[in-house]
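Spelled out from the first residue to the last, the chains are:
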Amino acid sequence: MATAGGTEGLRCLHGMADPDPAVMDERETRLARLMAAAQLGDASAYQALLRDCIPVIAQAARRQGVAPDRVDDVVQEVLITIHRARATYDPARPFLPWLRAIAQRRAIDSLRHHGRHAVHEVHDPMAYEAHAEEAADADGVLDAQTRSRDLRASLETLPPGQRQAVDRLALRGQSLDEASAATGRSKVALKVNLHRAIKTLRVKLGVATDGGVDDV
Amino acid sequence: MSRATPSDAIGPGQNPHERLIETLARELAPVRRISPVGLAAGWLVVVIAFGGYLASMSDLHAMMRRLMAAPDMWLAALASGVTGILAVVAAFMTSVPGRSPRWALLPLPALALWIWESGMGCARGWALPMVHDATFAQGDHCLIFILGVSLPLSLLLMVLLRWTFPLRPNLTLALGGLAAAGAAATLLNFFHPYDASVTDLVFHALAVGLVVGFNRLFGSRLFR
């Protein structure tokens, strides 16, 4: 089996936009010969063919209006399609119309696919902030206020050490080092007090827990 | 097959699709070239063989007498047969990348003639009230026959189309449906002992529409 592939593959690609009919015919002849060899199982010819196809595909994708950052995706889709459809190529006919038909179709598929996504996914950073919370009806607001009042009342009943740990670590968001420096308590004591405060609050707010609630 | 992405680039300045190309080359196996004309001819051979079997069970003399009774009768039968032949050629031509989608226009003149001559049969039925018209039940028989024959012909067509790679599967499948319906309507002439009527025409049109719709609806799943 003749090996039609070679390093000269990419050479002719620099003439992609070259309208010279002689250059076009040369490329056409070469691609048709490579594809014919690939149909017979010549892997090196096939690799040379696929490499040569890339600029043609990219050009077809850009002409269809595919965004530059999606051209590589279309190229990959077309390379895979060439592989699956290679039996449909007739070496007696020109190769480029066969390739361009596939490239244009895959480019259109890509545009449709991303067009559908664009319809469903609107870039609107303010929408999240402005979105009305579903539970934020009158009952929901009253429930939230009630829970907040209960939580504050429960915090007031905590032993001073636990209340201090919750205040520093949870409400003010201080680190253990900062809270330790501010209160003079050890980091271990702060962690234990926070842990016990959470257990105590669970009990007071109706969540079952176990263990003691001693202050440290 | 693993998909390489642009981020899989092996090195600076190197083709970012190189991994995919190497994978495809590793999977390369020799393939037998697909001939759309050959596939269409294969389908037509099966249809003709089936037609021969139906002819052996029908009264050919009665059929010929009926068809020759008026030009629109045999012209409608001829047009439906030609529609089927041209539609299957168009279906396979549009199933190969690089072939013009204008191949889809190929069966349209024959289809127009088929519709026109069928309509002429209806007009003659109105002008001559004594002509033996198809009843609703007979129209129902036509519908069942066309659907029953079109179904296996459509399935065979889809099996053959699996060898191809239609870039416009909906167009190809609609043409395939038209081919199957045209063939079935032609074969129906072996068992169609009455003249065309509005009822008959409506049932024929309904059957053809159903077959084309069936092909488009279910066939497109084969190509994805």
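Whatever comes next refers back to the structure up there.
Residues numbered from 1 in each chain as written. Chains lettered and ligands numbered in written order. Predicted model: local features only at pLDDT ≥ 70, side-chain atom pairs only at ≥ 80, totals over all residues. Heavy atoms only, no water.

Caption draft 1: Summary view of the overall build of chain B. The helix and strand tally for chain B stands at eight helices and zero strands. Seen in sequence order, chain B has helices and strands lined up from the N terminus as α-α-α-α-α-α-α-α. A total of 224 residues make up chain B; the buried ones form 48% of that total. The contacts of chain B with a sequence gap of at least 6 include a subset with a gap of at least 24, amounting to 83%. For chain B, the accessible surface area stands at approximately 11,000 Å², while carbon and sulfur atoms represent 70% of it. (Helix = DSSP H or I, 4+ residues; strand = E, 2+ residues; numbered from the N terminus. Buried < 20%, exposed > 50% of the residue type's maximum accessible area, 1.4 Å probe, protein only. Contact = heavy atoms within 4.5 Å. Areas by Shrake-Rupley, 256 points an atom, 1.4 Å probe, with all protein chains shown as cover.)

Caption draft 2: Highlighting the overall build of chain A. Assigned secondary structure in chain A consists of nine helices and zero strands. Put simply, chain A has 216 residues, and 37% of those count as buried. Long-range contacts, defined as pairs at least 24 residues apart, comprise 60% of the intrachain contacts of chain A with a sequence gap of at least 6. Only carbon and sulfur atoms are counted for the fraction: they give 54% of the accessible area of chain A, which is about 12,600 Å².

Caption draft 3: Expanded view of helix α3 (residues 71-85) of chain A. All names here are of chain A. Along its 15 residues, α3 runs 20 Å from first to last C-alpha, staying within 8% of the 21 Å computed at 1.5 Å per residue. With respect to burial, α3 is a largely interior element, eleven of its 15 residues being buried. Buried residues of α3: V71, V74, V75, Q76, V78, L79, I80, T81, I82, H83 and A85, and no others. (Expected span 1.5 Å × (residues − 1).)

Caption draft 4: Broad picture of the side chain of E28(A). All names here are of chain A. Relative to the elements of secondary structure, E28 occurs in helix α1 (residues 21-39). Of the side chains with opposite charge, R100 lies nearest to the buried E28, which makes no salt bridge, at 6.2 Å. Engagement of the side chain of E28 in a polar contact is seen with the backbone nitrogen of F95, the distance being 2.3 Å. Excluding its chain neighbours within four sequence positions, the residues that come into contact with E28 are P94, F95, L96 and P97. (Lys, Arg positive; Asp, Glu negative; His and termini not counted. Salt bridge = Lys/Arg side-chain N within 4 Å of Asp/Glu carboxyl O. Polar contact = N/O pair within 3.5 Å; in protein donor to acceptor, adjacent residues only side chain to side chain.)

Caption draft 5: Local environment of the packing of helix α2 (residues 36-56) of chain B against helix α4 (residues 71-93) of chain B. Residue and element names in this part refer to chain B. At a minimum axis distance of 8 Å, the contact between α2 and α4 shows a crossing angle of 145°. The two elements α2 and α4 meet at a crossing, and its hand is right-handed. The segment α2 lies against α4, with P36, V37, L39, A40, W43 and L44 engaging G84, I85, V88, V89, F92 and M93. Per-class residue counts for the contact of α2 with α4 are eleven nonpolar, one polar and no charged. (Axes fitted to C-alpha atoms, helices over the stretch in contact; angles between N-to-C directions. Left-handed = near helix turned anticlockwise from the far one by under 90°. Nonpolar A, V, L, I, M, F, W, Y, C, P; charged D, E, K, R; others polar.)

Caption draft 6: Up close: the packing of aromatic side chains. All names here are of chain A. Counted according to the given criterion, the structure contains three aromatic pairs over all chains. Centroid distance Y89 to W98: 5.7 Å. Interplanar angle 65°. Geometry classified as edge-to-face. Members of the aromatic cluster, each reached through a chain of ring pairs, are Y89, F95 and W98. (Phe/Tyr/Trp six-rings, centres within 6.5 Å; stacked < 30°, edge-to-face > 60°.)

Caption draft 7: Summary view of the nonpolar core. Residues and elements named next belong to chain B. Core analysis: the biggest nonpolar cluster contains 47 residues, and W43, V88, F92 and L153 have the highest contact counts within it. For this core, the secondary structure elements donating two or more residues are α2, α3 (60-67), α4, α5 (108-127), α6 (136-161), α7 (169-187) and α8 (198-219). Ignoring sequence-local partners within four residues, the contact set of W43 consists of G84, V88, L153, L156, L157, L160, A179, A180 and A183. (Core = buried A, V, L, I, M, F, W, Y, C linked by side-chain atoms within 4.5 Å.)

Caption draft 8: Broad picture of the environment of L31(A). With respect to the helices and strands, L31(A) occurs in helix α1. Setting aside residues no more than four positions away along its own chain, L31(A) makes contact with L49(A), D52(A), F95(A) and L96(A).

Caption draft 9: A look at the interface of chain A and chain B. Listed per partner, the contact involves 35 residues of chain A and 32 residues of chain B. Carbon and sulfur atoms make up 62% of the area that chain A and chain B hide from each other, which totals about 3,000 Å². Taken as a group, Q76(A), T88(A) and R105(A) account for 20% of the area that chain A buries against chain B, more than any other trio of residues on that side. Our enumeration of links across chain A and chain B arrives at one salt bridge. In this structure, the connection of chain A to chain B is made through seven residue pairs in polar contact (both at pLDDT 80 or more). The leading source of residues in the side of chain A that touches chain B is α3(A), at ten residues. Its residues placed into classes, the side of chain A that touches chain B shows 18 nonpolar, seven polar and ten charged. (Buried area = accessible area lost by both parts, 1.4 Å probe.)

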